[in-house]
Amino acid sequence: MAGRKSASSASASAASASSASAPVASSSAASASTKSVASRPETMARAPPQLFSDAALMHNTQVLTFCRSAFAIVAGITAGILGLTGWAGFGFFVVATLVLSALLTVVKVGARQARYFKAPMQEIWVSGVTSGGVFTYILFWTMVNGMIRIYG
C-alpha cells in the first residue's frame, strides 16, 4: 500500500506540474482551433469533386483503345498502299492520329470531355500520338508495303 501511495503522490505532483504548464498549451490550442474554424469557410467554398464510375471510365478507355487500334490498321494499310517510306510514313501516322482525335472530340465527345475522362486532353490527344496503336500501324504499314512492292 505504501508503494501505491507514493506512486499516487508522484502522479499527483506530475499532474500539478503539468497543470502549471497547461494554460500555455491550451492557449496555443485555442488559437489553433480558432485558425481552423476561420479556415473552414475557405474549404467549404470549393466546388464538390466530380464522382466518376470506375466501370464507365474503363469502358470509355476500352472504346478509345479499340478506335485507335482499328484506325491504326486502316492508316497502316493506306500508308502501305501509297508506298510511303521513312519519315513520310511516320508523318502520315501522326497526321492520321490527330485527325482521329479531332473526329472523336467533335463527333463523339464534344464539349463534355471532362464528363467522360479524368484527364481528357491527355487521354484523347496526347496518348493517341504517343502510344495509340503505333506498333499496329507499323505492322500493317510494312506488311502491305512489302506485299505490294515485293509480290506485286
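Residues numbered from 1 in each chain as written. Predicted model: local features only at pLDDT ≥ 70, side-chain atom pairs only at ≥ 80, totals over all residues. Heavy atoms only, no water.

**Overview of the overall build of the chain**
- Counting its secondary structure elements, the chain contains 6 helices and 0 strands.
- N-terminal to C-terminal, the α/β element order of the chain is α-α-α-α-α-α.
- Here the chain, with 152 residues, has 22% of them falling under the buried criterion.
- A sequence separation of at least 24 residues applies to 79% of the contacts in the chain between residues at least 6 apart.
- Counting only carbon and sulfur atoms, one obtains 71% of the accessible surface of the chain, whose full area is about 10,500 Å². (Helix = DSSP H or I, 4+ residues; strand = E, 2+ residues; numbered from the N terminus. Buried < 20%, exposed > 50% of the residue type's maximum accessible area, 1.4 Å probe, protein only. Contact = heavy atoms within 4.5 Å. Areas by Shrake-Rupley, 256 points an atom, 1.4 Å probe, with all protein chains shown as cover.)

**Looking at the packing of aromatic side chains**
- Counting across every chain of the model gives 4 aromatic pairs.
- An angle of 85 degrees between the planes, with centres 5.3 Å apart, marks the rings of phenylalanine 90 and tryptophan 141 as edge-to-face. Separated by 51 residues along the polypeptide, phenylalanine 90 in helix H3 (residues 87-109) and tryptophan 141 in helix H6 (residues 134-151) bring together distant segments of the chain.
- Since its relative accessible area comes to 6%, tryptophan 141 is described here as buried.
- Relative to tyrosine 137, the ring of phenylalanine 93 has its centre 4.9 Å away and its plane inclined at 40 degrees; by these criteria the two rings are tilted. With phenylalanine 93 in helix H3 and tyrosine 137 in helix H6, this pair connects stretches of sequence that are 44 residues apart. Across the pair, exposure class does not vary: phenylalanine 93 and tyrosine 137 are buried alike.
- Grouped by ring-pair contacts, the aromatic residues Trp87, Phe90, Phe93, Tyr137 and Trp141 constitute a single cluster. (Phe/Tyr/Trp six-rings, centres within 6.5 Å; stacked < 30°, edge-to-face > 60°.)

**Considering the UniProt feature "transmembrane region" (unreviewed entry) in the chain**
- When the UniProt feature table is mapped onto this chain numbering, "transmembrane region" (unreviewed entry) sits at residues 70-103 and 124-144.
- The straight-line gap between the two end C-alpha atoms of residues 70-103 is 14 Å; of that span, 88% is helix and 0% is strand. (UniProt positions renumbered as here; feature names shortened; annotations may be inferred.)

**Here's the deal with helix H2 (residues 54-82)**
- End to end, H2 covers 41 Å across 29 residues, agreeing with the expected 42 Å (1.5 Å per residue, within 8%).
- For H2, the complete set of buried residues consists of Leu57, Asn60, Leu64, Arg68, Ala72, Ala75, Gly76, Ala79 and Gly80. (Expected span 1.5 Å × (residues − 1).)

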